[in-house]
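Chain by chain, the residues:
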Amino acid sequence: MRYCMVIDLDKCIGCQTCAVICKMHHAQPQGTWWNRVFTQGSDYHQSAVGSDGAYKIEYLPVSCQMCDNAPCERVCPTGATYKNEEGMILVDYNRCIGCRTCMAACPYGVRQFNWKDPAKEKEETGYAYGYPFDVKEKGKRLVYTQNRPAGVVEKCTFCVECMNEDGTYDTLPACIRACPGKARFFGDLDDPDSHVSHLIRTKQVFRLREDYGTEPKVYYISSNKSKNVDAGWADQSWENTTPNVIP
Amino acid sequence: MDEKLKLTRRKFLQATAAAGAVAAVGGIELTAQAAPDVQPQKGELKYVRTTCAPNCTGGCGQQACVYKGEIKDIIQASDYPDEEHNPRGCLKGISFSNLIYGPHRMKGPQIWRGEGNPSGIPEGYEDVSWDEALDYTGSELRRIIDTYGPESVAVVVQVAGTGHVCKGALIRLATLNHFSVLGGYEMNGDLPMSAPITFGVQSEELDTYCWPDAKYILIFGSNPLQTRIPDAHFLIEAKENGSKVICFDPCFTATASKADEWYSIRPSCDAAVANGFSRVIVEEGLYDADFVRTYTDLPILIRDDTHKRLLARDVEGLEVPADMPEYREAYVVYDERAGQYLTVDPEHLDLPLTTRLEGTVDVPLKNGRRVRCRPAFALMREMLSEYTPEAVEEMSDMPASEIERLAREIAMVKPLHIMYGASNYQWYHGDLKGRAMALLCALTGNYGHLGDGMSTYAGQYKLKYSSTGQWWSVPEEPDRKSAGFSFCYMLNGKTETMTCPYPEHGIKAWLIYCCNPFDQHNMSNILREQVESGQLELVVNFDFQNTTTSRYAHVNLPGVSWYEKKEMVSTPCHPYIQMMNPAIEPLYDCRHEVWIIRELADRINPGDKAKYYYGDMDPDDVVEEVIKLTFEKGNFELEGLTLEDLKKGPVKFRHANPGRKRIAFWEQIHEKVPFPPQSYPTPLAATAQFVKSGRMEFYKDEDTFIRLGECLPVHKPPFEETEYVLNPAARELYKFNYVTRNSIHRVHSTHSNNAMMRELQDDSPKVYLNPGDAAEKGIAAGDMVEVFNDRGKLLAEAVLDPGIRSMMCIFEEGWWSRYTHGTSYNTLLKMWINPIHEIYFVSQMWAPNTSWNECLVDYRKAGDL
Amino acid sequence: MKNLSGRKLAALVIGAAMCAAGLAAWAYQLVAGMQVTAMRNSFTWGLYMGSFEFFIAMASGGMLVFSIAYLWNVEQLKPFVKIAAIGSLASVVASGVAIFEDLGMPFHALYMLLTPNVGSPLFWDVIILTLYVIVCVAAVVLSLLPDTKKHRHDRGYRMNNEENCRKFSYIALPAAFLVNIVTSFMFATQNTREWWHSALIPVNACAEAAAVGLSFTILLCALMAKHDLFVENSDGIRLLARLAAAAIAAYIAMSFIEIIPLAWSNTPESRHLLHLLFHTYGPLFWLEILLPLIAMILFLVGGGLGKELVAAASVLVIIGIFIQRMMLLLPAFNTIPLTLPVAGKLWTFPIAVGTFTEGQDVFVRFWNYAPTLPEWVVGILPPGLIIFVMAGAGMLFQLLPDRE
């Protein structure tokens, strides 16, 4: 069994609900986002791209791509980052030494470091949120805890807290359930009869930066595929984006 | 056995590993691993279903996950019986706990004890006990009632549907004490005046799950992809169903990006475009003549001399129907087949299909004279003849080459659904635009069928039910009732043409419930001045967030959120009535609003609490009692519903037509019931007077319409009767149209302080500018920009968005002043009161509207702050 | 103990003070979290990782001097072996400290041994680093043994020890290079970072290591030797200087060998990298090239020009290579791998920084990394350690012969 996610960009309305539910549900501290949604090609979310009347606004939600050939897993010195039997890349917070090599290795920018103690931060601000129980995968590896200690790396877990011991899900991952556009799908890539397999077979799908060889298990449906994300590299000019400089 | 053994061994390994780690670092233990393994059980989680009900009026069912008395997680309940509504919710709703627990949560009652009057600063407020706060408020209100009269106390609750019982409790207080109730609908500018003018209704719209039933969708100045996040998927599904979506908007919006075609028309020129389509449809004979004859006033004869409709009572040989109600009037048509004039019975939609639509007739009157008349249709055709494609392009920038093609498609493809939004009608001439679109639907016969008609999704005040058990009224004591008043007059002062009664001393006290007018309302600076100068002597604020209003209030009475109480919610967006349920106890010293209001009631009039508010009954039980009463005495829509059903989950209002989905104007189109259907809770007589003919009215003959040349839905350009009259120099000084649109990150000013929303916006309010315009002013992306006119100014970060039409300046509204460096985006606006909106005054039905978008500004790069 | 001079004592005190300040700041960092540094999610390695890389390179110098001296029996170099070996040991320990400073959860470090991921370059780096510490300790012991009271006058022992040293050099020489090669694999294996993903990086790392390692040894000699020794043994110094110069030449050559194909490919990504290299970080780039280049010239023409000049040249190399190590990070992290062509332009998907400051961006495409004050203070622990160790060793042992 290999879990995968399919995101239909034609249906995505860029509302960022998936990003927020993920942040809420997994008690992500300030400035930390396991899941992000932005407007392709734009410096500001939901502002148009293009010129002379030919505009577009298309979105791209990005969370952990759960790569089959995951660079983060391969560089982790302690095996804190590992692939479970369901093909999910998880982080054991008890083993993570906080070296951040995985963050350098991950091409998708999804890995997030705990720069300070989230529990303390929430105490200061008064906010209270997040699934409150620890999750030890197969009773062993601490793959979720409400307040990760300062100094470890975290990321999307495909809502491992929703997964049963036998690898099945009774309730789907939060972003799938919460998507107001009904644009996100989750299921078994190895099961040819699963809805996700069907979508991957029948729709125009692409994966992010396949040239890195990461073999992601997040697929994007886009009828505009040929026009934007997957276009060739020729004739592209580097856009001098305004650096977001923080002193 | 084996499994157990393995487990034990694993635990042992873990323990030794942990011990090793601890030993290695000299006993410092940082992680949970070495802690004893006492895992809490999933069973300790409690799930509570409630309804998210801010002023987006989306009314989304949410499920709170509660652990040890704290909300840990919120996700859509996804329990609507109509599957397509699941999941309903958005990023704000699911992060609502940030408002519940965040630093801006009100913690207890406060009284202003600072020097002078409140002035927007938090210092000067004293935390007091409930008794002290209520005694103070009660005695102040008593003083103001005794000094200035009770109508000088104003009450605003914003949207009743977001909490029928609690908001009803405050209206009940106003009823008991003869306070003035400010209509929230027009205060927000959301009342689409074209609806009462044309149909005699407050508004009418499709439930959003009917969008996929339309085959052709025109969107004028509406951006549901950002403003109706829970419903946006219906638009995508409509496209998947084969609908064509055409978007008309000056700027390229998120909605435009999903449309099949987008046209950047000039601001406030939608009526020109709609009339351009109508002209083609009329000229090419593509209109549905039977529909026009049966349901509209277009066959009615209009006198050439007075420009008024010809009255049956004046015509020789015609009589007024005997049992005609007072609010109706009988007019005249000419039936070509019978060759005679007919009285139009306003109580029946049953004219023959051979009434004359064109030409002129000389009608013999009872006084012996003849008067030349023409059918309204002929006048309309004449009016439309000016809207040739070339003329429309000249007026609106809508490409002439596309008008005929689109018009033919509009005429042919049914059902046609027109969505018109706040950007379309929150203008001085917003009503004309809505009327022009209504005409387009009428010409093509697009009313009364699944998926057709026209809808606004701004505001959403419509009550979907009525009940003689409405607890805001006190029918047993008919002399205890509230007065209607308008926020527009409260700020603007009297006008010559007003029909609304004006309190003798103006408004001296204001009870504000779940509303943040000191940021959010047009001319908020004038409002602030009214407090600072002492003109407003008492502002009482019922809220659970420390908004800007809480810093201008004399008393803050903290209520609770929709996760801390029971309440009943409904919305025009979807057909369900739902409950709020307490997931947690009220936080800090906050109280259920029913409790606060009845305690206050008792302090104004001792004994009112026991008599009208169930005495000391638990407020949540009061809610249940009120719901029970409402249901028991409910009208058709509530028939058969019980509190027990509601407690189990969302229940659906009944509707008249067959099928799963309610169809607007079903009774009118299929059962020939005259217009208007009743707009709850106003009595039919009050709104039926708007359409005396009992038909859809496209020719209006009240004097003001005639005087202003607006009998028919003509196009009038913006600013000519507003900005340029006020200051002729504005033509040169202020060339940019300033529009304050909604953001996906706020519901108006709710969630302005939501920490996660602030992160998503890089914590900075933004003004969206056309890159070419900005370049001319030397403004680069990210620069701080000052937007200004004679009335005020705003500071925000520049976004250069090529989709923004040149000469426009768009701000995403809802930021509290503290985030815009103390400036307020509503100080730039002006209250433009259109005399058309003053012909009648029926609060929230026909009343002056705030026209947010009728505003001109200039902008420049701000100096370093 | 008669060598106890004021200078050494001062160095000892300064080194100790640096260590104390560094440790205190490190403790602060552990308590407050790494938010006290200027690193964030889009820029995950900074001063500490740069220091780690730098001290690893520096640590190779001692083993190079040691093995060259014994493998080719270069007598002029033998007087420098002791100081070079201790310098290596101090450097490799400093690099180990630097990498520990960089760990968010150093208390979990034991899992590297308990549950290692043998595929991880970092795991192998830790292994090779540990082995290298052992190699350095062995080298120090081997070079110091003849000085002990017991062996000082035992000629036979000294001969035997010389032979042991020669044999040991077969380990020390490859170790010096291997430790740099394996370390650079942490970067070279990352195929999602164009700036790092190059087979030349490990090779260049060896050249850089030789350049900075030898320069460091020269600097140590210059600082700790009496003037007459420096003059008398100028042949040895000159040899070291020439070797260092050769390494610098190789380093500079390879730097451009990296850049030329990059520029040649002229892809949007390469253009972006070159923009960062020559504009955003242009001054740093030219410093990392020019400082060693100047040093190289000084080493070549001025081997005998005197202690101060040679010391200055060494300092230039040290600064240059330190900048080079930082430049391994700066352009790399500001070339965010999730970059996509959209509407004819390249577009970078912003990264959440991981902290929130009022009024500041949370999602960034560029991070203007500059170490914070606490980070600098933590960062002086490794060099403080080297100063402390060298001063202490200088006080305990006679690191350089008084007179041959």
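Residues numbered from 1 in each chain as written. Chains lettered and ligands numbered in written order. Predicted model: local features only at pLDDT ≥ 70, side-chain atom pairs only at ≥ 80, totals over all residues.

**Quick look at the sheet that holds strand S21 (residues 555–558) of chain B**
All names here are of chain B.
Next, step 1: In spatial order, the strands read S5-S4-S21-S20-S19-S6-S7-S18; together these eight strands make up an open sheet with mixed pairing. Each end of this open sheet is capped by a strand with a single partner; those strands are strand S5 (125–127) and strand S18 (483–485). Adjacent strand axes in the sheet meet at a mean angle of 20° when their direction is disregarded. (Pairing = 2+ DSSP bridges. Helix = DSSP H or I, 4+ residues; strand = E, 2+ residues; numbered from the N terminus. Axes fitted to C-alpha atoms, helices over the stretch in contact; angles between N-to-C directions.)

**Some points on the packing of helix H2 (residues 47–71) of chain C against helix H5 (residues 121–144) of chain C**
Residue and element names in this part refer to chain C.
Next, step 1: Where H2 contacts H5, the two axes come as close as 11 Å, and the packing angle between them is 45°. Regarding the angle of H2 to H5, the classification is oblique. At the point where H2 passes H5, the crossing takes the left-handed sense. Counted together, Ala59, Gly62, Met63 and Phe66 of H2 and Tyr132, Val135, Cys136 and Ala139 of H5 form the full contact between these two elements.
Next, step 2: When its residues are assigned to classes, the contact of H2 with H5 shows seven nonpolar, one polar and no charged. (Parallel < 35°, antiparallel > 145°, perpendicular 65-115°, else oblique. Left-handed = near helix turned anticlockwise from the far one by under 90°. Contact = placed C-beta atoms within 7 Å. Nonpolar A, V, L, I, M, F, W, Y, C, P; charged D, E, K, R; others polar.)

**Examining the nonpolar core**
Generally speaking, soluble globular proteins have nonpolar side chains that are buried together.
Next, step 1: Residues B:Val155, B:Val332, B:Val767, B:Val787, B:Val857, C:Ala211 and C:Ala244 are the most contacted members of the largest nonpolar core, which totals 496 residues.
Next, step 2: Among the elements that take part in this core, H2(C) stands out by supplying 17 residues, more than any other.
Next, step 3: The contact partners of B:Val857, leaving out residues within four places of it in the chain, are B:Tyr734, B:Phe736, B:Tyr738, B:Val787, B:Phe788, B:Asn789, B:Cys809 and B:Leu828. (Core = buried A, V, L, I, M, F, W, Y, C linked by C-beta atoms within 7 Å. Buried ≥ 20, exposed ≤ 12 C-beta atoms within 10 Å, placed from the backbone.)

**Here we look at the sheet that holds strand S24 (residues 651–652) of chain B**
Residue and element names in this part refer to chain B.
Next, step 1: Read across the sheet, three strands follow the order S22-S23-S24 without closing on themselves; strand pairing throughout is antiparallel. Every other strand in the sheet has two partners, leaving strand S22 (567–570) and S24 as the edge strands with one partner each.
Next, step 2: Bridge analysis of strand S23 (residues 576–580) against S24 gives two bridges, and the strand direction is antiparallel. Of the residues in S24, the one forming a bridge with Ile577 is Val651.

**Description of the pairing of strand S1 (residues 339–342) of chain C**
Walk down a regular strand and you will see the side chains alternate between the two sheet faces.
Residue and element names in this part refer to chain C.
Next, step 1: Here S1 runs beside strand S2 (residues 345–348); their pairing, made up of four bridges, is antiparallel. Of the residues in S2, the one forming a bridge with Pro341 is Leu346.
Next, step 2: Hairpin connection, S1 to S2: the antiparallel pair is bridged by two residues, and Ala343 has positive phi, about 50°.

**Quick word on unusual backbone geometry**
If a residue is not glycine, its phi is most likely negative; likewise, a peptide bond is most likely trans.
Next, step 1: Backbone torsion omega between B:Lys414 and B:Pro415 reads -5°, so that peptide bond is classified as cis.
Next, step 2: Mapped onto the elements of the fold, B:Pro415 is located in the loop between helix H14 (400–412) and strand S16 (416–420).
Next, step 3: Backbone torsion omega between B:Phe675 and B:Pro676 reads -5°, so that peptide bond is classified as cis.
Next, step 4: One non-glycine residue, A:Asp52, lies in the positive phi region at around 50°.
Next, step 5: Mapped onto the secondary structure, A:Asp52 falls in the loop between strand S3 (49–51) and strand S4 (54–56).

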